[in-house]
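Next come the chains, spelled out residue by residue.
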Amino acid sequence: MRQNSMQHEQSLGQELLDPDMLDKAMVDKVLVLSDADRAALDAQASRGLLLALAAQGAMGLAAAVIAGVVGGAAAGWSALAGAGAYFIPNALFALRLAVSVRAGKASPFTFLSGELIKLFATALLLWLLSRVAQDSLVWPAALLGLILTLKGYLLLLMFRKLS
């Protein structure tokens, strides 16, 4: 009996690995969206982008307030500058994504190229921050602002707004 069940399991495994069966299974599960469904998904994506930006902005401001209370005005401004070094490129990236979604030109290339530009812009802004505000910059506060802004989605998780 055990041998019979093993043979049955092997034949099931072979059916699952058969390319003809996989193609048929994939064809049966094609998702067709109507224009209304597409518009609803686009609206949900835009709302998600705005929520993420709002959460990141709130976390950046919270970092600036915390650093300002604990370390003084210079630390508060440093935290705000660190938060801005990520928030500004990310906001521009989100705007670019929202525009491409509305125009119907969103693609993986749009996302990946925008992400690459955002990362380089963040690194450039942090480098500029280190050069311009060299004497007055409080690095622990700037890093606090940067890290809390990066983790802005935690607010969405905390309030169950992340889908």
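Caption draft 1: Fine view of the overall build of the protein chain. Assigned secondary structure in the protein chain consists of 7 helices and 0 strands. Order of helices (α) and strands (β) in the protein chain, N terminus to C terminus: α-α-α-α-α-α-α. Within the protein chain, the fraction of its 163 residues that count as buried is 25%. Summed over all atoms, the accessible surface of the protein chain reaches about 11,700 Å², with 69% contributed by carbon and sulfur.

Caption draft 2: Region of the structure containing the pattern of salt bridges. Scanning the model with the defined rule gives 1 salt bridge in all. In this structure, the salt-bridge partner of Lys 118 is Glu 115, at a minimum N-O distance of 3.1 Å. One end of the pair, Lys 118, and the other, Glu 115, are both in helix α5 (residues 108-132), 3 residues apart, so they sit about a helical turn from each other. The exposure class assigned to Lys 118 is buried, which follows from its relative accessible area of 6%.

Caption draft 3: Up close: the side chain of Lys 118. A polar side-chain atom of Lys 118 sits 3.1 Å from a polar atom in the side chain of Glu 115. Those residues in contact with Lys 118 that lie beyond four places of it in its chain are Tyr 86, Pro 89, Asn 90 and Phe 93.

Caption draft 4: Local environment of the packing of helix α4 (residues 73-102) against helix α6 (residues 139-150). It is the contact of α4 with α6, at a shortest axis distance of 6 Å, that shows an interaxial angle of 40°. On the basis of their axis angle, the class for α4 and α6 is oblique. When the axes of α4 and α6 are compared, the crossing they make is right-handed. Contact with α4, carried on its side by Ala 75, Ser 78, Ala 79, Gly 82, Ala 83, Tyr 86 and Phe 87, involves Ala 141, Ala 142, Gly 145, Leu 146, Thr 149 and Leu 150 of α6 and no other residues of that element. Classifying every residue of the contact of α4 with α6 gives 9 nonpolar, 4 polar and no charged.

Caption draft 5: Quick look at a nonpolar patch on the surface. Taken together, the side chains of Val 65, Ile 66, Val 69, Val 70 and Leu 144 present a nonpolar region at the surface, about 490 Å² in accessible area. The element that contributes the greatest number of residues to the nonpolar patch is helix α3 (residues 35-71), accounting for 4 residues. Inspection of the secondary structure puts Ile 66 in helix α3.

Caption draft 6: Local environment of the side chain of Asn 90. Secondary-structure assignment places Asn 90 in helix α4. With relative accessibility at 9%, the residue Asn 90 sits in the buried group.

Reading guide: rules and limits
Residues numbered from 1 in each chain as written. Predicted model: local features only at pLDDT ≥ 70, side-chain atom pairs only at ≥ 80, totals over all residues. Heavy atoms only, no water. Helix = DSSP H or I, 4+ residues; strand = E, 2+ residues; numbered from the N terminus. Buried < 20%, exposed > 50% of the residue type's maximum accessible area, 1.4 Å probe, protein only. Areas by Shrake-Rupley, 256 points an atom, 1.4 Å probe, with all protein chains shown as cover. Salt bridge = Lys/Arg side-chain N within 4 Å of Asp/Glu carboxyl O. Polar contact = N/O pair within 3.5 Å; in protein donor to acceptor, adjacent residues only side chain to side chain. Contact = heavy atoms within 4.5 Å. Axes fitted to C-alpha atoms, helices over the stretch in contact; angles between N-to-C directions. Parallel < 35°, antiparallel > 145°, perpendicular 65-115°, else oblique. Left-handed = near helix turned anticlockwise from the far one by under 90°. Nonpolar A, V, L, I, M, F, W, Y, C, P; charged D, E, K, R; others polar. Patch = residues over 30% accessible without salt bridge, like charges linked within 9 Å, V, L, I, M, F, W, Y side chains within 5 Å.

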